[in-house]
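The lines below spell out each chain.
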Amino acid sequence: MSFLEEFHANLESLPNILQRHYAVLRNLDKSLQDIQRQNEQRCEQEIEDIKREIKSGNITPDSSLIRFSDEALDEQKHSIGIADEKVMLAVRAYDLVDTHIQQLDQYLKKIGAELRPASDGVAASAMPAPSLDGGAKSGRSSEGGRGGRKKKQATVAATAPEATPASAPANPTGMDLDIPVDPNEPTYCLCNQVSYGDMVACDNPNCKIEWFHFGCVGLKDQPKGKWYCQDCSALRNRRKR
């Protein structure tokens, strides 16, 4: 029997088990409410009796000598016991569900580890696709085909296969697009992902990365004038010193 078949067989019995747990919880809750209501009435009655005894002078108003009856105290202890049993039953039901979730997570991780080498092999053997400016992208540090680097947003959106309209929000920094649609699609930016949304080009002709997503570099609009990425900007500042 495979893991999925065994997991499905165990999962089929889970609803019935949980239903029995919830039925016991409802019964315990009803019993607890009845005992609490009964104890509340008993304590109220005993308090009234104590007040009358104090007024009549039969007992002294000494708080150290005034206490509830043994019956009232036993009811309170019983209520605490039922409440503890409810908590234990709820934890047991949670653990049942959590066990199935952990089993499924482990299986998915195992399948992902088995599929990853195959997908990496396909990406490694794929031929590089043309860069955004129409030249062969043999390396990001080369200057070949940089004639049209300073493209406007609309040009980038029209050229990049994965680009979205300018109104679409940029991908937030740190989003991991782990499963590319096309393994031949070149990657850019600090996130090392394919082109999408609004992108900006670094004005350093020797920039190793060249193109950046707006969201990854904290931009909302196309910068005016020349724009340099963080690494190239730091390099320029060092050279000026």
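Residues numbered from 1 in each chain as written. Predicted model: local features only at pLDDT ≥ 70, side-chain atom pairs only at ≥ 80, totals over all residues. Heavy atoms only, no water.

## Observations regarding the overall build of the protein
Check the secondary structure of the protein and you find 4 helices and 4 strands. Written out in order from the N terminus, the α and β elements of the protein read α-α-α-β-β-β-β-α. Counting across all 241 residues of the protein, residues that qualify as buried make up 24%. For the protein, the proportion of contacts with a sequence separation of at least 24, taken over those separated by at least 6, is 61%. (Helix = DSSP H or I, 4+ residues; strand = E, 2+ residues; numbered from the N terminus. Buried < 20%, exposed > 50% of the residue type's maximum accessible area, 1.4 Å probe, protein only. Contact = heavy atoms within 4.5 Å.)

## Details of helix α1 (residues 3-56)
Over its 54 residues, α1 runs 77 Å from end to end, which matches the ideal 80 Å to within 8%, given 1.5 Å per residue. Most pronounced at L14, the bend in α1 amounts to some 30°, and the proline P15 follows within four residues. Phi turns positive, to about 85°, at G57, one or two residues after α1. (Expected span 1.5 Å × (residues − 1). Bend = angle between axes of the 7 residues up to and from the residue.)

## Things to note about the side chain of D203
Here D203 shows up in the loop between β3 (199-201) and β4 (211-213). D203 gets classed as buried once you look at its relative accessible area, which sits at 14%. Polar side-chain contacts of D203 include one of 2.6 Å to the backbone nitrogen of W227. (Polar contact = N/O pair within 3.5 Å; in protein donor to acceptor, adjacent residues only side chain to side chain.)

## Thoughts on a positive patch on the surface
On the surface, a cluster of positive charge is contributed by K226, R236, R238, R239 and K240. Looking at the element boundaries, R236 is found in helix α4 (residues 230-240). (Patch = residues over 30% accessible without salt bridge, like charges linked within 9 Å, V, L, I, M, F, W, Y side chains within 5 Å. Areas by Shrake-Rupley, 256 points an atom, 1.4 Å probe, with all protein chains shown as cover. Salt bridge = Lys/Arg side-chain N within 4 Å of Asp/Glu carboxyl O. Lys, Arg positive; Asp, Glu negative; His and termini not counted. Charge placed at Lys NZ, Arg CZ, Asp CG, Glu CD.)

## A look at the nonpolar core
One finds C189, C202, C207, F212, W227 and C229 to be the most contacted residues of the largest nonpolar core, which totals 17 residues. Those elements that place two or more of their residues in this core are β3 and β4. For this core, the leading source of residues is β3, giving 3 residues. Look past the residues within four positions of C229 in its chain and what remains in contact with it is C202, C207 and F212. (Core = buried A, V, L, I, M, F, W, Y, C linked by side-chain atoms within 4.5 Å.)

## Observations concerning the pattern of salt bridges
Inspection of the entire model under this criterion finds 6 salt bridges. When the shortest N-O distance is used, the salt bridge between R42 and E75 registers 3.0 Å. Of this pair, R42 sits in helix α1 while E75 sits in helix α2 (residues 70-125); the two residues are 33 residues apart in sequence, bridging distant segments of the chain. You can call R42 partly exposed: its relative accessible area is 27%.

## Looking at the packing of aromatic side chains
Enumeration over the complete set of coordinates arrives at 1 aromatic pair. Taken together, a centroid distance of 5.6 Å and an interplanar angle of 70° make the contact between F212 and W227 edge-to-face. Within this pair, whereas F212 is found in strand β4, its partner W227 is found in the loop between β4 and α4, the two being separated by 15 residues in sequence. Exposure remark for F212: the relative accessible area of 1% places this residue in the buried category. Looking at W227, the relative accessible area reads 14%, which means it is buried. Geometry around Y228 places R236 over its ring, the cationic atom sitting 4.1 Å from the centre. (Phe/Tyr/Trp six-rings, centres within 6.5 Å; stacked < 30°, edge-to-face > 60°. Lys NZ or Arg CZ within 6 Å of the ring centre and 35° of its normal.)

Shape is all these values report; function is a separate question.
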